[in-house]
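Descriptive structure summary
The primary structure of each chain is shown beneath.
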Amino acid sequence: MTVLLYEEFGTGRHRESSLIRHALGNSHDEALVAGLAGGIGFMYFVFEYPDRPPVATIVAQAHPEPWVQVALGRLHVPYDATRSTNPRWGRVRAALDGGQPVFCVVDRASLPWHEAAAPMPGADAYTVVIAGYEGDDLFVEDGAAAPYRIDREEFGAAWSAHPTGRHQLVVPTGPPEAEPDLDAAVAATVGRLNGPVLGNRFDVNFGFSGMDRLAADLRDTATAAGWGQRFGGSPEAFRAAGRRLHASLEEEWTAPGATRPLYADFLDLAGRPEAAGLFRESGLHWSRLAGLARAAAPGADAEERRALFDACADLVDRCSELEREAVATLAG
């Protein structure tokens, strides 16, 4: 017997929002889902590993709250969230037989269609949806135009491999019980960008503080934390930095333009057009920064690298100015 709960797959502008939208029967606009889940944020870290170039990581979407649970909560969609020592295949099958898709958190690199890509250090948990099954095979939605078919045991290995998402199940259990909570979502964005986010020493890497830190590191020519020393010393490091900047702002853990244009569409739905315009403009600058980083010549000399880092820092400053004005508008 084959059980497949829906037929529309694929990603619109944002992968997680599309997963939620499809799982709920396409009854909600993608921008609404994205905004309710938190929309935008900003996290900036540089991770150092032996025998490889440093890895610059930006998470431009809401972070670190769990995207699915926050979206379902603000949509007032009831759901069950459980954890277990071992995979609960009986619960998975029961949910699917009842017409309920199953959200799972997995290790992305353990999925066979991602095995060629290295996992992103410091990344959020990676969410996929089990949308059906046939025998011991599962049909998994993960952004492609059709579900991936995978053996239950192979999927179980990926499900077991993520330390914080191990064997987590999130199952929507009914229709919305109230209207979406737009004001709570907007207030959360204001708090996330202004900070604090975590309440510990890493808060300097989040929100507007994180943007200021990124701009300072891009301009820093004197210390080991500066991009001049971290990424300007070799063509390999310089090339890796450009690829990471582009991917972080346009492709991974984000929608294009650092998620700002998608969030602007949400603000239009929420009746906040002034802030929407500011975030939409900011998104253009984030995309311009990503384009500069991707187009940078690997063989650029020291002067050209310095000019690129300075141009990127100027764009970060401009985005920060626009977004501070937008947040002040939302808070007011």
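Within each chain, residues carry numbers counting from 1 in the order of the written sequence. Since the coordinates come from a predicted model, pLDDT governs what is reported: local features require at least 70, and pairs of side-chain atoms require 80 or more to be given and counted, while whole-chain, interface and lining totals use all residues. With hydrogens and water set aside, each side-chain value is computed from the structure's full complement of heavy atoms.

1. Digging into the overall build of the chain
- Within the chain one finds twelve helices and nine strands.
- Computed over its C-alpha atoms, the radius of gyration of the chain comes to 20 Å, within 12% of the 20 Å expected for a compact globule of 332 residues.
- Principal-axis analysis of the C-alpha atoms gives the chain an extent of 65 × 50 × 35 Å.
- Burial classes follow relative accessibility: with a 1.4 Å probe on protein chains only, a residue under 20% of its type's maximum area counts as buried, one over 50% as exposed, and anything between as partly exposed. Counting every position in the chain, which comprises 332 residues, the buried fraction comes to 51%.
- Summarising the internal contacts of the chain: among those between residues at least 6 apart in sequence, 71% fall at separations of at least 24.
- Mean positive and mean negative side-chain charge positions of the chain (30 and 46 charges, respectively) differ by 3 Å. For helices the rule is a DSSP run of H or I covering at least 4 residues; for strands it is a run of E covering at least 2, with both sets numbered from the N terminus onward. The globule rule used here is 2.2 Å times the number of residues to the 0.38 power, and the radius of gyration it is set against is calculated over C-alpha atoms. We call two residues in contact when some of their heavy atoms are within 4.5 Å. By the counting scheme adopted, Arg and Lys are positive, Glu and Asp are negative, and His together with the chain ends is not counted. To locate a charge, take atom NZ for lysine, CZ for arginine, CG for aspartate or CD for glutamate.

2. Let's talk about the environment of Gly-277
- Assignment of secondary structure puts Gly-277 in helix α11 (residues 273–295).
- Taking the C-alpha atoms as reference points, Gly-277 and Arg-260, 17 residues apart in sequence, are found 10.0 Å from one another.

3. Here's the deal with the nonpolar core
- With 72 residues, the main nonpolar core has Ile-20, Trp-227, Leu-267, Phe-279 and Trp-286 as its most contacted residues.
- Looking at which element gives the most residues to this core, the answer is helix α12 (residues 302–331), with eleven residues.
- One finds Val-3, Met-43, Phe-45 and Val-128 within the second-largest nonpolar core, a separate group that totals 26 residues. We define the nonpolar core as a collection of buried residues of types Ala, Val, Leu, Ile, Met, Phe, Trp, Tyr and Cys that are connected through side-chain atoms lying within 4.5 Å of one another.

4. Description of the packing of helix α10 (residues 260–269) against α11
- Note on geometry: axes are lines fitted to C-alpha atoms, helical ones only across the stretch in contact, with angles between N-to-C directions running from 0 to 180 degrees. Closest axis-to-axis distance for the α10/α11 pair is 8 Å, and the angle between their directions is 170°. Taken together, α10 and α11 sit at an angle that is classed as roughly antiparallel. The segment α10 lies against α11, with Arg-260, Pro-261, Tyr-263, Ala-264, Asp-265, Leu-267 and Asp-268 engaging Pro-273, Ala-275, Ala-276, Phe-279, Arg-280, Ser-282, Gly-283 and Trp-286.
- Under this grouping Gly is polar, as are all residues other than the nonpolar Ala, Val, Leu, Ile, Met, Phe, Trp, Tyr, Cys and Pro and the charged Asp, Glu, Lys and Arg. Looking at the contact of α10 with α11 residue by residue, the class counts come to nine nonpolar, two polar and four charged. Throughout, the term roughly parallel applies to angles under 35 degrees, roughly antiparallel to angles over 145, roughly perpendicular to angles from 65 to 115, and oblique to all others.

5. Comments concerning unusual backbone geometry
- In this structure, the amide linkage connecting His-63 to the following residue, Pro-64, adopts the cis form with an omega of 10°.
- Here Pro-64 lies in the loop between β3 (55–61) and α3 (67–75).
- Residue Pro-196 follows Gly-195 across a cis peptide bond; omega there is 0°.
- For Pro-196, the location among the structural elements is in the loop between α6 (182–194) and α7 (207–219).
- Residue Trp-253 is not a glycine yet carries a positive backbone phi of 55°.
- With respect to the secondary-structure elements, Trp-253 resides in the loop between α9 (235–250) and α10.
- Exposure remark for Trp-253: the relative accessible area of 8% places this residue in the buried category.
- One non-glycine residue with positive phi stands out, namely Ala-258, at about 60°.
- Within the secondary structure layout, Ala-258 lies in the loop between α9 and α10.
- You can call Ala-258 buried: its relative accessible area is 1%.

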